[in-house]
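Observations on the three-dimensional arrangement
So you can see what is in the structure, the chains are spelled out below.
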Amino acid sequence: MRNRRASDRRSVRIGLLGCGTVGQAVVRTLTGSAATIERATGHRLEVGPILVRDPSKERPGIDPALITTDPAAVIEDPSVTLVVEVMGGLDPTLDHLRTALRRGASVVTANKQLLSRHGPELLAMAEQAGGEMRFEASACGAVPVIKVLRESLLAAEVTAVTGIVNGTTNFILTEMAKGGGGYDEVLARAQALGYAEADPTEDVGGADAAAKMAILSSIAFHARVHLDDVPYEGIDRLQSEDIERAASLGFVVKLLGVARADDGSISVRVYPALVPRGHRLASVGGADNAVLIESRATREIMLVGPGAGGDETASAVVADVLAIVGTPQWSFLHNALVDSGRSVAPAGETTSAFYVRMSVADRPGVLARVASVFAEEGLSIRTVVQSGSGDEASLVLILHAGLERRMEAAMARVRALDDVRGEPVVLRVLGSGEGGS
Ligand code: NAP
Ligand code: HSE
């Protein structure tokens, strides 16, 4: 699409290959945000046709008229200038992408298995025919790691990429470590949540992570790393006893991708490893992914976020679509022109959880009087710790999230109590319901 002036294109037709977990979320996002996208990019996106295997399946919110079982309707129709590939697999997907790229269409794909084997060939075809191929969703779901490596760190001389790059296995390991069920039960939950590949042995056996590490290391080190270059082990032979033993020694077990570059060579591997509990990667739980990028210039940069799931992955697919579609000026999106119509909430109407510490007279009924002020203002107490010293006691309370204006009113009343000495300390508590009302 780069060989055409963006200002000539007011309407862009986007065909999809696949309409499963990710495909449905892509369609929902593109149609639900159509007006915002048009205002920001200057282009109207038209979605469809959409290729599937079984047209009779339930696809909530998807117009059945857009569904087709004929690949040519997507990959050969010249009016489809951008093809989104979210069907997965190698065959017939590879041939479909070759056909689309050969005629100059651009492609956005989430298919790591395909890219880690045929990425260089497909990128060369895109280049030759004047199209573009983007693949942010092929590694780490919603986390924009490919954009950061390709653009922000292009000249940073990256020396190592260490990552938790498979959401399914991280979910399984996190759940098992906290006693959330046995291996089979937790894997079934990951499948039901849409995290796992169509064949979950790709996830638990390490092949999915190996493919992602091949892609990430190729970009990070400006090299060609094929899936066959990445030895991998999964978590399928891991025993829960070792997860427990590791925990008792201060470690958590994670499936890691480890890529290193020195002057002469590159090594890329995937294996389960013990990570010290204080390490930054140890706290990455659930289906989240994280990538720690090391370079001389930047030292360590860690990117973390959802690594799997329909909406999460669709966010990366749509970002690629928008990057290809561009803007009339070939510059940044016109976000400044977009007005969602939402107003800014007054500070008092936002909610926060609070920590309060105050000195009080150590006499009967003080705690009840303080507590009743909060109760009358509709604020609920989560924890109280009282410690006395002579005639004075220190009172520490943690309050559940409540309206800021109610807290201000409560503190004005608390300060006015005879029992309270000096100025109480009030701090907000993160992660306990802070945010808008
Ligand atoms: P999915 O739910 O299994 O959906 C696959 C879709 O492709 C379905 O609509 C299926 O049609 C269609 N399809 C498959 N083979 C086809 C064929 N030969 N001809 C026509 N249609 C075909 O898969 P998904 O989870 O959305 O994943 C799609 C891709 O995104 C994969 O490459 C995956 O690795 C990648 N990805 C997934 C996630 C995630 O969290 N799920 C995250 C990152 C990347 P039917 O509906 O008729 O069966
Ligand atoms: N099955 C993959 C995972 C989806 O669990 O990470 C994201 O590529």
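Cut-off values and rules
Residues numbered from 1 in each chain as written. Chains lettered and ligands numbered in written order. Predicted model: local features only at pLDDT ≥ 70, side-chain atom pairs only at ≥ 80, totals over all residues. Heavy atoms only, no water. Core = buried A, V, L, I, M, F, W, Y, C linked by side-chain atoms within 4.5 Å. Buried < 20%, exposed > 50% of the residue type's maximum accessible area, 1.4 Å probe, protein only. Helix = DSSP H or I, 4+ residues; strand = E, 2+ residues; numbered from the N terminus. Domains from an automatic or database assignment. Contact = heavy atoms within 4.5 Å. Lys, Arg positive; Asp, Glu negative; His and termini not counted. Salt bridge = Lys/Arg side-chain N within 4 Å of Asp/Glu carboxyl O. Polar contact = N/O pair within 3.5 Å; in protein donor to acceptor, adjacent residues only side chain to side chain. Phe/Tyr/Trp six-rings, centres within 6.5 Å; stacked < 30°, edge-to-face > 60°. Pairing = 2+ DSSP bridges. Axes fitted to C-alpha atoms, helices over the stretch in contact; angles between N-to-C directions. Near = heavy atom within 4 Å. Areas by Shrake-Rupley, 256 points an atom, 1.4 Å probe, with all protein chains shown as cover. Nonpolar A, V, L, I, M, F, W, Y, C, P; charged D, E, K, R; others polar. Parallel < 35°, antiparallel > 145°, perpendicular 65-115°, else oblique. Left-handed = near helix turned anticlockwise from the far one by under 90°. Expected span 1.5 Å × (residues − 1).

So, about the nonpolar core. With 66 residues, the main nonpolar core has V145, L149 and L216 as its most contacted residues. By residue number, the principal contributor to this core is helix α10 (residues 207-220), which donates nine residues. Looking at which domains feed residues into this core, each of domain 1 (6-141 + 325-335) and domain 2 (145-307 + 339-344) gives three or more. Beyond its immediate stretch of four places on either side in the chain, L216 contacts A139, C140, V145, I146, L149, V165 and V291.

Within the element layout of this structure, D203 appears in helix α9 (residues 201-204). For D203, which is buried and forms no salt bridge, the nearest opposite charge comes from K212, at a distance of 5.7 Å. A distance of 2.8 Å separates polar atoms of two side chains, one belonging to D203 and the other to N166. Beyond its immediate stretch of four places on either side in the chain, D203 contacts N166, T168, T169, A196, E197, D208 and L255.

Each aromatic ring pair is described using two quantities: the centre-to-centre distance and the angle formed by the ring planes. One pass over the structure, following the stated rule, counts one aromatic pair. Ring geometry for F171 versus Y195: centroids 5.6 Å apart, planes at 70°, classification edge-to-face. A residue pair is termed long-range when its members are at least 10 positions apart, and F171 in helix α7 (residues 167-177) and Y195 in the loop between α8 (183-192) and α9 qualify at 24 residues. One exposure class covers both F171 and Y195, and it is buried.

Here the focus is the sheet that holds strand β7 (residues 158-164). Strand order in the open sheet made by the five strands is β9-β8-β7-β10-β11, with antiparallel pairing throughout. The sheet is open, and its two borders are formed by β9 (266-276) and β11 (299-306), each paired with just one other strand. This sheet shows a mean twist of 20° between the axes of neighbouring strands, independent of strand direction. Bridge analysis of strand β8 (residues 251-261) against β9 gives 11 bridges, and the strand direction is antiparallel. What sits directly across from K254, in β9, is A273. In this fold α7 packs onto β7, β8 and β10 (288-295), with an angle of close to 150° to the strand it touches most, β8.

What follows deals with the site of ligand 2. Lining the immediate environment of ligand 2, one finds K112, N166, G167, T168, Y195, A196, E197, D203, D208, K212, G307 and A308. One nitrogen or oxygen atom from the main chain of G167 is found 2.7 Å from an oxygen atom belonging to ligand 2. Residue D203 places a side-chain N or O atom 2.7 Å away from a nitrogen atom belonging to ligand 2. Surface burial for ligand 2 is 94%, taken as the share of its 250 Å² of free accessible area covered by protein chains. Partitioning the shell around ligand 2 into residue classes produces three nonpolar, four polar and five charged.

Attention shifts here to the site of ligand 1. Inspection of the region around ligand 1 gives 25 residues, with C19, D54, K57, E197 and G309 positioned closest. V22 has a polar backbone atom sitting 2.8 Å from an oxygen atom of ligand 1. The side chain of R59 places a nitrogen or oxygen atom 2.9 Å from an oxygen atom of ligand 1. Protein chains bury 86% of the 900 Å² of accessible surface belonging to ligand 1 in isolation. Class assignment of the residues belonging to the shell around ligand 1 gives a composition of 11 nonpolar, eight polar and six charged. Inspection of the shell around ligand 1 shows a minimum of three residues originating in each of domain 1 (6-141 + 325-335) and domain 2 (145-307 + 339-344).

The interhelical angle for the contact between α7 and α8, taken along N-to-C directions, is 135°, at an axis separation of 9 Å. In terms of their interaxial angle, α7 and α8 are classed as oblique. In terms of crossing hand, the pair formed by α7 and α8 is right-handed. Listed contacts from α8 to T168, F171, I172, E175 and M176 of α7 are Y183, V186, L187, R189 and A190. Residues that form the contact of α7 with α8 fall into these classes: seven nonpolar, one polar and two charged.

Attention now moves to helix α1 (residues 21-32). Relative to the 16 Å expected for 12 residues at 1.5 Å per residue, α1 spans 17 Å between its end C-alpha atoms, a close match to the ideal helical length. Among the residues making up α1, those that are buried are V22, G23, Q24, A25, V26, V27 and L30. Packed against the buried residues of α1 are β1 (11-17), α2 (34-41), β2 (44-51) and α12 (310-325).

This part takes up unusual backbone geometry. The linkage connecting G48 with the following residue, P49, adopts the cis geometry, with an omega of 5°. Within the element layout of this structure, P49 appears in strand β2. Here the bond from D91 into P92 is cis, since omega is 10°, no more than 30 degrees from zero. Within the secondary structure, P92 sits in the loop between β4 (82-85) and α4 (93-102). Even without being glycine, H222 reaches a positive phi, approximately 50°. Of note, H222 is situated in the loop between α10 and α11 (240-248). Among the residues examined, H222 registers a relative accessible area of 56% and is labelled exposed. Positive phi is not limited to glycine here, since R299 has a value of about 55°. Along the polypeptide, R299 turns up in strand β11. Take R299: its relative accessible area is 66%, and that puts it in the exposed class.

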